[in-house]
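Notes for the structure review
Spelled out from the first residue to the last, the chains are:
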Amino acid sequence: MKSKKNVLLGLFVCLFVISAALCGTFAVPGASAANEIVYLNEQMPFSIHKKISVNDFSDPGELEDWEAGQGVTKLKAAETIANGPGTVAEGKYCLEIVRGQIPFAQTVSVTRTISEPIDASSAPVLFFNVNGYGGLPYVTQQFVTVTVEGNGKNYTKKSVFAANGWNDVTIDLSGTEVVTAVDKITFTFSNNGTGSRKWGCCYQLDQIFFAKP
C-alpha cells in the first residue's frame with residue numbers, strides 16, 4: 001500500500017513539474033507577442049486601404065534624396081544595426097543616422113526632399129518606423145519631431161519612442177494645409193538628457209509612406 005502511495009506521489013510530482021514547465025514555455029511567447037506590437041509594422045493600429053510610398057529603403061540609392069543636418073556625421077543604408085533588435089523593420093535596408101559626439105541638448109536632423117510634391121489627400125496618414133540606441137541611464141526618453149512641409153506651410157508633431165526596438169509612428173495630416181502637396185519631411189531627434197555630457201549614437205528610420213486607414 002505504501003509503495004502504491006509513493007508511486008502516486010511520484011506521478012503527481014512529475015505532472016506538477018511538467019505542467020510548470022509548460023506554463024513557463026507558454027509565458028515566453030506571450031511576452032514576445034507584446035513586443036511584436038512595437039517591433040513589427042504588420043501589427044499596425046489600422047488596416048491599409050491605400051499606400052503612397054516615400055521610402056522603403058529597398059535600394060541604397062534612395063539616400064540621394066536625403067540631407068544630413070547639423071550634428072549628423074553620416075547617413076547610410078544599413079542591412080543590420082548594432083542596437084536591438086539587430087535587423088531592419090522590413091525589407092533589405094533601413095536608413096541609419098549617425099550622431100556625432102555632441103552634447104545631449106543638441107538635436108540632430110535629417111530631411112527628405114520630394115522633387116515632385118505628393119498629393120496625400122487620399123492617404124493622409126504619414127507612417128514610419130523609428131529606432132535608436134539606448135542603454136544610457138541619464139537618457140530616459142528619446143523623441144522624434146516630424147515637420148511636414150507643403151504649399152508653403154508646415155505641420156509639426158513630436159513623438160516619444162523606445163530605444164532598441166522598432167516603433168510605429170503615425171501622423172494624421174487630414175485637413176492640414178500641407179497634405180495636398182508634400183515636398184519636404186524633416187525628422188529631428190532629441191532626448192531628455194541634460195548637462196554638458198556628450199553622446200554619439202545612431203538612429204534608424206524605415207518604411208516611410210502615406211496611408212489611408
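Numbers given for residues are sequential positions, taken from 1 along each chain in its written order. Confidence filtering applies because this is a predicted model: local features only for residues at pLDDT of at least 70, side-chain atom pairs given and counted only at 80 or more, and all residues used for totals across whole chains, interfaces and linings. In computing side-chain properties, one takes all heavy atoms of the structure into account and sets aside hydrogens as well as water.

Here the focus is the overall build of the protein. Helix numbers and strand numbers start at the N terminus; a helix is a DSSP run of H or I with at least 4 residues, a strand a run of E with at least 2. For the protein, the count of helices and strands is 1 helix and 13 strands. Starting at the N terminus and ending at the C terminus, the protein contains elements arranged as α-β-β-β-β-β-β-β-β-β-β-β-β-β. By residue count, 41% of the 213 residues in the protein fall in the buried class. Of all intrachain contacts in the protein linking residues separated by at least 6 positions in sequence, the fraction that spans at least 24 positions is 80%. Buried means the residue's accessible area, taken with a 1.4 Å probe over protein chains only, is under 20% of the maximum for its type, while exposed means over 50%, and partly exposed covers the values in between. Two residues form a contact once any of their heavy atoms are found within 4.5 Å.

We now examine the environment of glutamate 62. Mapped onto the elements, glutamate 62 comes out in the loop between β1 (50-55) and β2 (66-68). Classification of glutamate 62 by relative accessible area gives buried; the value is 15%. Between the C-alpha atom of glutamate 62 and that of alanine 77, which follows or precedes it by 15 residues, the distance is 8.7 Å. Among all residues touching glutamate 62, those that are not within four sequence positions of it are Asn55, Asp56 and Phe57.

Only one face of strand β10 (residues 167-172) is buried, namely the one carrying Asn167, Val169 and Ile171, since none of Asp168, Thr170 and Asp172 on the opposite face is buried. Here 6 bridges tie strand β7 (residues 125-132) to β10, and the two strands are oriented antiparallel to one another. In the sheet register, phenylalanine 128 faces β10, and the bridge partner there is valine 169. Here the rule is simple: two strands pair whenever DSSP picks up at least two bridges between them.

To continue, consider the packing of aromatic side chains. The criterion for an aromatic pair is that two Phe, Tyr or Trp rings (for Trp, the six-membered ring) have centres within 6.5 Å, with stacked assigned to planes under 30 degrees apart, edge-to-face to planes over 60 apart and tilted to the rest. In this structure the tally under the stated criterion is 8 aromatic pairs. Here a set of aromatic residues connected by ring pairs shows up, and it is made of Phe57, Trp66, Phe128 and Phe187. To sit over a ring, a charge needs its Lys NZ or Arg CZ within 6 Å of the ring centre and within 35 degrees of the ring normal. Seen from the ring of tyrosine 138, arginine 197 lies directly overhead, with NZ or CZ sitting 4.2 Å from the centre.

Glancing now at the confidence of the model for the protein. Low pLDDT means the predicted coordinates in that region are not meant to be read closely. Residue-level confidence of the predictor is what pLDDT reports, using numbers from 0 through 100. In the predicted model, the protein carries a mean pLDDT of 82, and 78% of its residues have values of at least 70. Confidence drops under a pLDDT of 50 for residues 1-43, and excluding neighbours within four residues, the segment shows 18 contacts in the predicted structure.

If you trace the 5 strands from one edge of the open sheet to the other, you get β2-β6-β11-β8-β9, paired in antiparallel fashion. The strands lining the two open edges of the sheet, one partner per strand, are β2 and β9 (153-161). Each strand axis lies, on average, 20 degrees off the axis of its neighbour in the sheet, ignoring direction. Think of each axis as a best-fit line through the C-alpha atoms, taken over the contacting stretch in the case of a helix, with angles from 0 to 180 degrees between the N-to-C directions.

With that settled, consider the side chain of threonine 145. Along the chain, threonine 145 falls in strand β8 (residues 142-150). Accessibility expressed as a relative area gives 17% for threonine 145, which makes it buried. Leaving out residues up to four positions away in the same chain, threonine 145 has contacts with Thr156, Lys157, Lys158, Thr186, Phe187 and Thr188.

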